[in-house]
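# Tertiary structure, described
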Amino acid sequence: MTDRLSKKIAVITGAARGIGRATALRFAEEGADVVLLDIARDIPGVPYAGAKSAQLDDARSDVEALGGRCMALVSDVTRTDQINEAISKVMSDWGRIDILVCAAGIDSWGKAWELSDEQWQTMIDVNLTGVWKTARAVSPAMIKQQSGALVFIGSVLSHRANKEFAHYTAAKHGVLGVMRAFALELAPYGIRANSVDPTVVHTDMVMNQAYLDRLGGHKGTTVEEAREHYLKWNTLPIPWAEPVDVANAALFLASEEARAITGVALPVDLGALLK
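To start, this report covers the structure provided alongside it. (Residues numbered from 1 in each chain as written. Predicted model: local features only at pLDDT ≥ 70, side-chain atom pairs only at ≥ 80, totals over all residues. Heavy atoms only, no water.)

### With respect to the overall build of the protein
Looking only at helices and strands, the protein has 9 helices and 7 strands in total. Seen through its principal axes, the protein has C-alpha atoms that stretch 50 × 35 × 35 Å. Taken across its 275 residues, the protein has 55% of its residues classed as buried. Residue pairs in contact within the protein that sit at least 24 positions apart in sequence constitute 74% of those at least 6 positions apart. For the protein, the computed accessible surface area is about 11900 Å², with 54% contributed by carbon and sulfur atoms. Distance between charge centres in the protein, computed from 28 positive and 33 negative side chains, equals 4 Å. (Helix = DSSP H or I, 4+ residues; strand = E, 2+ residues; numbered from the N terminus. Buried < 20%, exposed > 50% of the residue type's maximum accessible area, 1.4 Å probe, protein only. Contact = heavy atoms within 4.5 Å. Areas by Shrake-Rupley, 256 points an atom, 1.4 Å probe, with all protein chains shown as cover. Lys, Arg positive; Asp, Glu negative; His and termini not counted. Charge placed at Lys NZ, Arg CZ, Asp CG, Glu CD.)

### Points about the pattern of salt bridges
According to the stated counting rule, one finds 15 salt bridges in the structure shown. Of the charged contacts, one joins D98 and R96 as a salt bridge, the two residues approaching to 2.7 Å between their closest N and O atoms. When its relative accessible area of 6% is taken as the criterion, D98 is described as buried. In this structure, E164 and R214 form a salt bridge, with 3.1 Å as the shortest nitrogen-oxygen distance. Residue E164 is located in the loop between β5 (148-153) and α5 (166-186), and its partner R214 is located in helix α7 (residues 209-216); the two are separated by 50 residues in the primary sequence. By relative accessible area, which is 26% here, E164 ends up partly exposed. Residue classification places R214 among the partly exposed positions, given a relative accessible area of 21%. A cluster of three or more residues bridged by salt bridges with shared partners is formed by R26, E29 and E30. (Salt bridge = Lys/Arg side-chain N within 4 Å of Asp/Glu carboxyl O.)

### Here's the deal with helix α8 (residues 223-233)
What α8 keeps buried is the set A226, Y230 and W233. In an axial view of α8, the angular spread of the buried residues amounts to 40 degrees, which keeps them on one side of the axis. Taken together, the buried residues of α8 touch α7. (Arc of directions from axis to C-beta.)

### Focus on the side chain of S108
Structurally, the position occupied by S108 is in the loop between β4 (99-102) and α4 (117-145). For S108, a relative accessible area of 4% corresponds to the buried category. Looking at S108, its side chain comes within polar contact range of the side chain of H167, at 2.7 Å. (Polar contact = N/O pair within 3.5 Å; in protein donor to acceptor, adjacent residues only side chain to side chain.)

### Observations regarding the sheet that holds strand β7 (residues 265-268)
Taken together, 7 strands build an open sheet; the order of strands is β3-β2-β1-β4-β5-β6-β7 and the sheet is parallel. Of all strands in the sheet, those with a lone pairing partner are β3 (70-74) and β7, marking the two edges. For this sheet the average axis-to-axis angle between neighbouring strands, irrespective of direction, equals 15 degrees. Direction of pairing for β4 relative to β5: parallel, over a ladder of 4 bridges. Opposite L100, over in β5, you have L150 as the bridge partner. (Pairing = 2+ DSSP bridges. Axes fitted to C-alpha atoms, helices over the stretch in contact; angles between N-to-C directions.)

### Looking at the packing of aromatic side chains
Taken as a whole and judged by the stated rule, the model has 5 aromatic pairs. Taking the centre distance of 5.2 Å and the plane angle of 85 degrees together, the rings of W109 and Y211 count as edge-to-face. On the criterion of sequence distance, the pair formed by W109 in the loop between β4 and α4 and Y211 in helix α7 is long-range, its members being 102 residues apart. An angle of 75 degrees between the planes, with centres 6.4 Å apart, marks the rings of Y230 and W240 as edge-to-face. (Phe/Tyr/Trp six-rings, centres within 6.5 Å; stacked < 30°, edge-to-face > 60°.)

### Side note on unusual backbone geometry
Positive phi, close to 55 degrees, is recorded for A40, a residue that is not glycine. With respect to the helices and strands, A40 occurs in the loop between β2 (33-38) and α2 (53-65). Note on A40: relative accessible area 14%, which makes it buried.

### Structural notes on the pairing of strand β6 (residues 191-198)
When you tally the buried positions in β6, you get 8 out of 8 residues, the bulk of the element. By the alternation rule, side chains of β6 split into I191, A193, S195 and D197 and R192, N194, V196 and P198, which are all buried. For β6 and β7, the ladder comprises 4 bridges, and the chain directions are parallel. Its bridge partner lying in β7, V196 is registered against L266.

So this is what it looks like as structure tokens:
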């Protein structure tokens, strides 16, 4: 622990598991007080189980064990009323917000011309509109403070396409654009905005059996088969990033070490964008 985020208050979406949870723990290790936001339920149209309320509770316990304050709230980033209510509670109880990390995200797949209306709209609602709504809700507090850092979790698919992910690619390209817009418009208030754009990360989003079967083209596809596929996807001889790899990049961008950096998309991609 080096207290890089000492006395900072960080709001993290999608915090019950995966990248969001790893980010919450890293921030707490560096001295931040952390607000965990998560929908904590299954989402219609998403072909794998959503986070559970017990996972959100566990994440809060793990953060508190590191010595910082922690607030855990069930909140749907697609619902303006819920996200505004959550941010209002943080401001009422803790008085400020220094960092926002938008890590909430979902996945599904299908050929571009075969995606259903529900698949498309749900993807855009969560992975793009939810990011904008959360950043919009936090911005007034940061403007009043004349300081703050926004970190959006994008993807290598913010920069390139991939078969069977037209809706995900569109959403993540949108996140890149929204990040740059916030960076440009909030800069006069001393607020920075950046994104972390990872390759495949070892989370429930891609390590569920439905996803593995799609990847392998047959039922019962194993993690070892997925490993061989992703070794071809990346340049470094590593099949996937771990959530803490993304969390470490978010930590850097949220810290004073990155005070001169805004509007930047930082790949944590194992060299995938070189191919």
